[in-house]
There are 2 protein chains.
Amino acid sequence: MTISSDLEVHRQARATLIDEDRSLRRDRLERASDAEVKADHLVREIRAAEAATIWQQEHPSIPHPFPGMEFLTGREIIVKTRLFAILRKVRIPGMPKGALLHCHLDATVNASVLLKLALKQPALHVRVTERVTSSNVGSVLPEFRALPRNEYSDALGLTDDSYEPSSWVSLTNARKNFNSSLGGPERFDEWVIGAMMINPTEAYKTHNTIKKIWQKFTSTFLVSMGLIRFAPIFPDYIREFLKSSIEDGISYIEARINFLYKHMIGEDGKENVPHREWLVMFDRVLNEVKAEMKEQGRVGEFIGARIIYSTIRFITPEELKWYLEDCIALKKEFPHLIAGFDLVGDENQLKPLIDYIEPLLWFRQRQKEEGVDIPFIFHAGETLGDGSPADNNLYDAILLGTKRIGHGFSLVKHPKLIETCRQKGIALEVCPISNEILRLTSSMPMHPLPILLNYGVPVALCSDDPAVFGNMGLTFDFFQAGVLVASEVTGLSTLGQLARDSLEYSTLEGEEKRRALALWESQWNRFIAGILEEEH
Amino acid sequence: MTISSDLEVHRQARATLIDEDRSLRRDRLERASDAEVKADHLVREIRAAEAATIWQQEHPSIPHPFPGMEFLTGREIIVKTRLFAILRKVRIPGMPKGALLHCHLDATVNASVLLKLALKQPALHVRVTERVTSSNVGSVLPEFRALPRNEYSDALGLTDDSYEPSSWVSLTNARKNFNSSLGGPERFDEWVIGAMMINPTEAYKTHNTIKKIWQKFTSTFLVSMGLIRFAPIFPDYIREFLKSSIEDGISYIEARINFLYKHMIGEDGKENVPHREWLVMFDRVLNEVKAEMKEQGRVGEFIGARIIYSTIRFITPEELKWYLEDCIALKKEFPHLIAGFDLVGDENQLKPLIDYIEPLLWFRQRQKEEGVDIPFIFHAGETLGDGSPADNNLYDAILLGTKRIGHGFSLVKHPKLIETCRQKGIALEVCPISNEILRLTSSMPMHPLPILLNYGVPVALCSDDPAVFGNMGLTFDFFQAGVLVASEVTGLSTLGQLARDSLEYSTLEGEEKRRALALWESQWNRFIAGILEEEH
């Protein structure tokens, strides 16, 4: 055999091997339309060009930029790229992102918008455990709460000498009288918003371990909850969430709502609004938003939203039973709203699924008795652990028949479970930016997403807690996943498959799902045409 | 079906699923001896205890310690742990590490030891491109070279006002006269050693991207090469390398030697020592060390050492042919020394294997003609790229029949290639600390090793460039791999399997390999017994 024939043999074997290696992928470009292939190539060119220009320059506050870098630091470069502009909005409504399948309602509205909503409510008060001063303003956390009319406070403010620790001050007063030496009302806003978000210093310096960043992360919920868990705000909050999602190209939502507290604070300042009222409000706003879209002739842009009933994995198995019964009762009254059940909270610190196995098995029986179907959609494997309880949650979630897996970050370690997910069509709700900020991965190039894609595991990209991370909508997550350091494999067509799969693996069924997919498909084609037109 | 029977069904299904999921692993504890199981449990207890104590405390210079943290920062905690002491030396010679299959000879001897060897050589000179001052001492790099007798310099020193940029100064003078305001001879040593190593600030701050850290990494070789590539030092260097490896429990070595330069500097200061002389020196020292071990009654502790012929992947395909012929000639003269062939250097920046495909295929033919067998042992996939040329090196390496893969960091992305490696027994030379310092992974918990283990890919742990990283021997790499954040899967028995596999997948064959494995096995049993005795 001569060398040239050897060469030819090698080239053919290589092409075959690469093809075999990628044969499980769901985003096979050869199945795409000519226009999509063209747009995909165009976007690869733009990505490569930007990798060599904007991502190579040293920026004053960003010492080592690179595509897929730490989100909180790289965000200001991201928003300047042409790639981002394409994903965000070539023409309204931009890239159709499909469904948002993994987000925690409490962290879905921009913190400054939430604060503005709150400032309209005279019932809302704030307190701190010590008077706010220039030295503690970086660490002391505000606690919010709506008070009954007769408990409204006329105290001056949190920075005032007369402030009595842990006493309530009206939100308006606290803001208006925030000491000017500290920065006045503007500094008040910064302080409150900062307490509801994670900043780059926290993520990458002061809290740069999984355990520490979760402490900060958890604290943001404690702060914002005081504002959100108030009936006069709740509908506006949901409306803002739905509408901003639609503007980002999201057409359908399954949001996790935390039902841990059995009541919300009512207009009267009393803790007396039960779960069913939350759903009544949710339903009403949902219908209003749909009607509004219809009026604007944009009915195809928004299919709807559902709720994944959630509580926190620190309750006892006994306590869980109450929530499971509650979930069934809500499902019976609002069958169109309850999409599934989940347990949330830090898997590394709180109880694993196996601790709840008895009530969870019992739940399945109770559903049969009640004639309802509430799929589990469990968080599992949101961890770097290897055979740890959090990692082992994957076994239990899958054995319990979970419809999808929230995160499943550690799934890539498990040959048998990867195979099961592919074969049974258990999609992963992958949250790239959340994973990075919560320190499971240092940057996108280290993220296991490419492994999942090559193994043909269905994936839906999700934002998780955009209000805390600043990744509002899904554009940032698609961007971070899409750039994967000038991946020669992943491209625009991959993002399309991820968006399509988010609808495919939602709890939508039958005609409803067909319609959602058809609408997405036509938006996608429009998006592709837009790229070819505007970016040629 | 009642709940309790459901519970039982779940428990059994769970045990079966976990077992199936781990069935490909090579380190099945159920196959271990009773003593090994006991020692494994004991070590797990120690690991868990230390994870909760020494790794939880805040250390003044280490803000967020955790097991498997950045090596250069965590090193000082590592060496204080009981776990490290066990791996290092329960009783001489401590844990038998098996073979060291991936290291670059130029970076295997402690930098300060190398400097001491150099200071004994009056021929060695040093120069810099600008006079060394307090402001440039952190950045200016020394260049070393042995000069012919008639070119010896009597210049005062590098910090002297009279220093003429790029002129040679004898090493002794340069050290002796290093300005006392800079710190004198001690500061000189620090400066030189710092130029041959990567420090934590560089790895985790100033050079914290793959591209930048490789620039620093490459510069260390340019500095040390001037000292090592000198015939009067070379044998001492090899001796130091072999002996320090033996002291760490390494019983066999396959070292990559970079043959890019066609000659070494001879005793006469001229570049005139050809490759065959390098091998003569290597062989002589090897025999001396073996004889020494025999004298000490430690013959079983050291089987020997071989060379993986390497050159750098920036040469042209035409130039490569010269090296391939050279490699064949050396193999014919030193069949017991040449173990394989490789191309080294930054895969992300330099030429991929496919660029050399023609000469590499030709090499196989030439070997047949010459009746020699020189396996490829290629670096491949030492990258975060996804479908990039460096990632694609894996396809070419495997198709070219590579015996093992150097690094293969990106292998976990490739379903078909993982399967091929397992089925064909292509072992991965995994270098945990190197990967972390060269920024492929931020810390051990993010390293893909657990994925490889669960997929049953054979792995040998390696140190890569211990002189640059400070991970002398293999103990540090075993430690970092072994702690894998209190992995509930990986344990002492895993480390044993890794050590055993390093011999199993070496180029040793037949009787030689059987002997190596048998010797290892008896050392391992002695090690296990030592743990049970001393750590109960």
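Refer to the structure printed above.
Residues numbered from 1 in each chain as written. Chains lettered and ligands numbered in written order. Predicted model: local features only at pLDDT ≥ 70, side-chain atom pairs only at ≥ 80, totals over all residues. Heavy atoms only, no water.

Novice: Would you mind going over the pattern of salt bridges with me for this structure?
Specialist: Side chains bearing opposite charge may pair, as long as their charged atoms lie close to each other. A full pass over the atoms with the stated rule returns 73 salt bridges over all chains. Among the salt bridges present, the one from Arg 14 of chain A reaches Asp 396 of chain B, with a minimum N-O distance of 2.8 Å. Within this pair, whereas Arg 14 of chain A is found in helix α1 (residues 3–21), its partner Asp 396 of chain B is found in helix α14 (residues 389–399), the two belonging to separate chains. For the pair Arg 14 of chain A and Asp 396 of chain B, a shared accessibility class is recorded, and that class is buried. The salt bridge involving Arg 239 of chain B is made with Glu 288 of chain B; its shortest N-O contact spans 2.5 Å. (Salt bridge = Lys/Arg side-chain N within 4 Å of Asp/Glu carboxyl O. Helix = DSSP H or I, 4+ residues; strand = E, 2+ residues; numbered from the N terminus. Buried < 20%, exposed > 50% of the residue type's maximum accessible area, 1.4 Å probe, protein only.)

Novice: Looking at this structure, I do not really get the sheet that holds strand β13 (residues 459–461) of chain B. What am I missing?
Specialist: Residue and element names in this part refer to chain B. Here we have four strands laid out as an open sheet, ordered β10-β11-β12-β13, and parallel in their pairing. Both outer strands of the open sheet, β10 (378–380) and β13, are each paired with one neighbouring strand and no more. Across this sheet, the average inter-strand angle for adjacent strands is 30°, counted without regard to direction. Sheet topology places strand β11 (residues 404–407) next to strand β12 (residues 427–430); three bridges connect them, and they run parallel. Bridged to Gly 406 within β12 is Glu 429. (Pairing = 2+ DSSP bridges. Axes fitted to C-alpha atoms, helices over the stretch in contact; angles between N-to-C directions.)

Novice: Sorry, what's going on with the pairing of strand β12 (residues 427–430) of chain A here?
Specialist: In summary, the side chains of a regular strand alternate between the two faces of the sheet. Residue and element names in this part refer to chain A. Burial along β12 is two-sided: the face carrying Ala 427 and Glu 429 and the face carrying Leu 428 and Val 430 are both buried. Summarising the sheet, β12 and strand β13 (residues 459–461) pair through three bridges and their orientation is parallel. If you follow Val 430 over to β13, its bridge partner there is Leu 461.

Novice: Is there a simple way to think about α1 of chain A in this case?
Specialist: Given 3.6 residues per helical turn, the α-helix brings residues three or four places apart onto the same face. With 19 residues, α1 of chain A extends 26 Å between its outermost C-alpha atoms, agreeing within 8% with the 27 Å of an ideal straight helix rising 1.5 Å per residue. Among all positions of α1 of chain A, only Ile 3, Asp 6, Leu 7, His 10, Arg 14, Leu 17, Ile 18 and Asp 21 of chain A are buried. Down the axis of α1 of chain A, the buried set is contained in an arc of 100°. They therefore lie on one face. For α1 of chain A, exposure combined with an orientation more than 90 degrees from the buried face picks out Ser 4 and Gln 12 of chain A. Buried residues in α1 of chain A make contact with α17 (449–454) of chain A together with α13 (357–370), α14 and α15 (415–424) of chain B. (Expected span 1.5 Å × (residues − 1). Arc of directions from axis to C-beta. Contact = heavy atoms within 4.5 Å.)

Novice: Whenever I open this one, unusual backbone geometry confuses me. Can you help?
Specialist: Outside of glycine, negative phi angles account for most residues, and trans bonds account for most peptide bonds. All names here are of chain A. Of note in this structure, Arg 439 is not a glycine but carries a positive phi near 65°. Structurally, the position occupied by Arg 439 is in the loop between α16 (432–437) and α17. By relative accessible area, which is 9% here, Arg 439 ends up buried. The phi torsion at Asp 464 lies on the positive side, around 70°, for a residue other than glycine. Mapping Asp 464 onto the fold places it in the loop between β13 and α18 (466–469).

Novice: Please explain the interface of chain B and chain A as it appears in this structure.
Specialist: Interfaces are often sized by the amount of accessible area the parts lose when they come together. Each partner contributes residues to the interface: chain B has 61 residues there, and chain A has 61 residues. For the pair chain B and chain A, the number of links is six salt bridges. Sorting the residues of the side of chain B that touches chain A by element identifies α1 (3–21), α8 (200–206), α9 (210–228), α13, α14, α15 and α17 (449–454) of chain B as the ones contributing at least two each. With 10 residues, α1 of chain B is the single largest residue contributor to the side of chain B that touches chain A. Among the residues forming the side of chain B that touches chain A, the class breakdown is 28 nonpolar, 17 polar and 16 charged. (Nonpolar A, V, L, I, M, F, W, Y, C, P; charged D, E, K, R; others polar.)

Novice: In this structure, what is going on with helix α2 (residues 34–52) of chain A? I would like to understand it.
Specialist: The end-to-end C-alpha distance of α2 of chain A is 27 Å, a good match for the 27 Å that 19 residues give at a rise of 1.5 Å each. Buried residues of α2 of chain A: Glu 36, Ala 39, Asp 40, Leu 42, Val 43, Arg 44, Ile 46, Arg 47, Glu 50 and Ala 51 of chain A, and no others.

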